Amino acid sequence: GLADGAALRLDGHTLPLPAAAPSSGEIVLGVRPEHLRVEPGGAWRVGVDTVEMLGAERLIHGQLAGQPVTVRLDSTEPAPHAGDTLPVTLAAEHLHWFDAATQRRRAA
């Protein structure tokens, strides 16, 4: 996506970030499924495509700003359904940045 301070633009969507990107311009954001949290006030919206039941956890496969994303939920949490939209948050310490050209990790 295209980073601009504390926002990331992807496919016509603007995602507010919990902390500024390490640089402006083209950059890749990596997010681990277990670090996305479903919360009512979450600024990011994940459209649910499928729900994978794995015993103690559920993997929610969907779309975030036109990009594929996976969210991990504990099996004790309510299961979403295909077509649902989940509000999610991500803490600043879980933003993983990569250079778009080299794919090398960037320090925040």
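About the cut-offs
Throughout, a residue's number is its position along its own chain's written sequence, starting from 1. Thresholds applied to this predicted model are a pLDDT of at least 70 for local features of residues and 80 or more for the giving and counting of side-chain atom pairs; totals over whole chains, interfaces and linings are not thresholded and use all residues. Derived side-chain values reflect all non-hydrogen atoms in the structure, with water molecules and hydrogen atoms excluded from consideration. Starting at the N terminus, helices and strands are each numbered in turn, a helix being any DSSP run of H or I of at least four residues and a strand any DSSP run of E of at least two. Using a 1.4 Å probe on the protein chains alone, a residue whose accessible area is under 20% of its type maximum counts as buried, one over 50% counts as exposed, and one in between counts as partly exposed. Strand pairing is assigned whenever DSSP detects at least two bridges linking the two strands. Residue types Ala, Val, Leu, Ile, Met, Phe, Trp, Tyr and Cys, when buried and joined through side-chain atoms within 4.5 Å, form a set referred to as a nonpolar core. In what follows, residue pairs with any heavy atoms lying within 4.5 Å of each other are defined as contacts. Should a side-chain nitrogen of Lys or Arg be within 4 Å of a carboxyl oxygen of Asp or Glu, the pair is scored as a salt bridge.

Enquirer: Explain the environment of Ala3 to me, and be specific about the residues and the numbers.
Expert: Note that Ala3 resides in strand E1 (residues 2-3). Looking at Ala3, the relative accessible area reads 3%, which means it is buried.

Enquirer: Account for the sheet that holds strand E2 (residues 7-10), with residues named and values stated.
Expert: The six strands lie next to each other as E3-E2-E1-E4-E10-E11, forming an open sheet whose pairing is antiparallel. In this open sheet, the two strands that pair with only one neighbour each are strand E3 (13-16) and strand E11 (105-106). Relative to E3, E2 runs antiparallel, the two being bridged by four bridges. Following the sheet pairing, Ala7 is matched in E3 by Pro16.

Enquirer: Run through unusual backbone geometry, naming residues and quoting values.
Expert: Negative phi characterises most residues that are not glycine, and trans characterises most peptide bonds. With phi around 45 degrees, Asp11 is a residue other than glycine that occupies positive phi space. Mapped onto the elements of the fold, Asp11 is located in the loop between E2 and E3. A relative accessible area of 54% places Asp11 in the exposed class. Look at Gln103: it is not a glycine, yet its phi comes out positive at around 65 degrees. Tracing the sequence through the fold places Gln103 in the loop between strand E10 (96-99) and E11.

Enquirer: How would you explain the nonpolar core if you had to name every residue and give the values?
Expert: Soluble, globular proteins show a tendency: their nonpolar side chains are buried together. Formed by 22 residues in total, the largest nonpolar core has its most connected members in Leu8, Leu17, Leu36, Trp44 and Trp97. Among the secondary structure elements, those contributing two or more residues to this core are E2, strand E6 (44-53), strand E7 (57-64), strand E8 (67-74) and strand E9 (85-89). Residue contacts for Leu17: discarding those within four places in its chain leaves Gly5, Ala6, Ala7, Leu8, Leu29, Trp44, Leu95 and Trp97.

Enquirer: Outline the pattern of salt bridges, listing residues and values.
Expert: On inspection of all chains with the given rule, the structure shows three salt bridges. The shortest N-O distance in the salt bridge between Asp4 and Arg9 comes to 3.5 Å. Among the residues examined, Arg9 registers a relative accessible area of 37% and is labelled partly exposed. With its nearest N and O atoms 3.7 Å apart, the salt bridge here joins Arg106 to Asp99. For Arg106, a relative accessible area of 28% corresponds to the partly exposed category.

Enquirer: I'd love a proper account of the sheet that holds E7, names of residues and values included.
Expert: With antiparallel pairing, the five strands of this open sheet are ordered in space as E5-E9-E6-E7-E8. Of all strands in the sheet, those bounded by a partner on one side alone are strand E5 (37-38) and E8. One ladder, built from four bridges, connects E6 with E9; its direction is antiparallel. Pairing of Gly47 across the sheet is with Thr85, part of E9.

Enquirer: Which residues make up the environment of Leu73, and what values go with them?
Expert: Of note, Leu73 is situated in strand E8. A C-alpha to C-alpha distance of 24 Å links Leu73 and Val28, two positions 45 residues apart in sequence. If near-sequence neighbours (up to four positions away) are discounted, Leu73 is found in contact with Val38, Glu57, Arg58, Ile60, Pro78 and Pro80.

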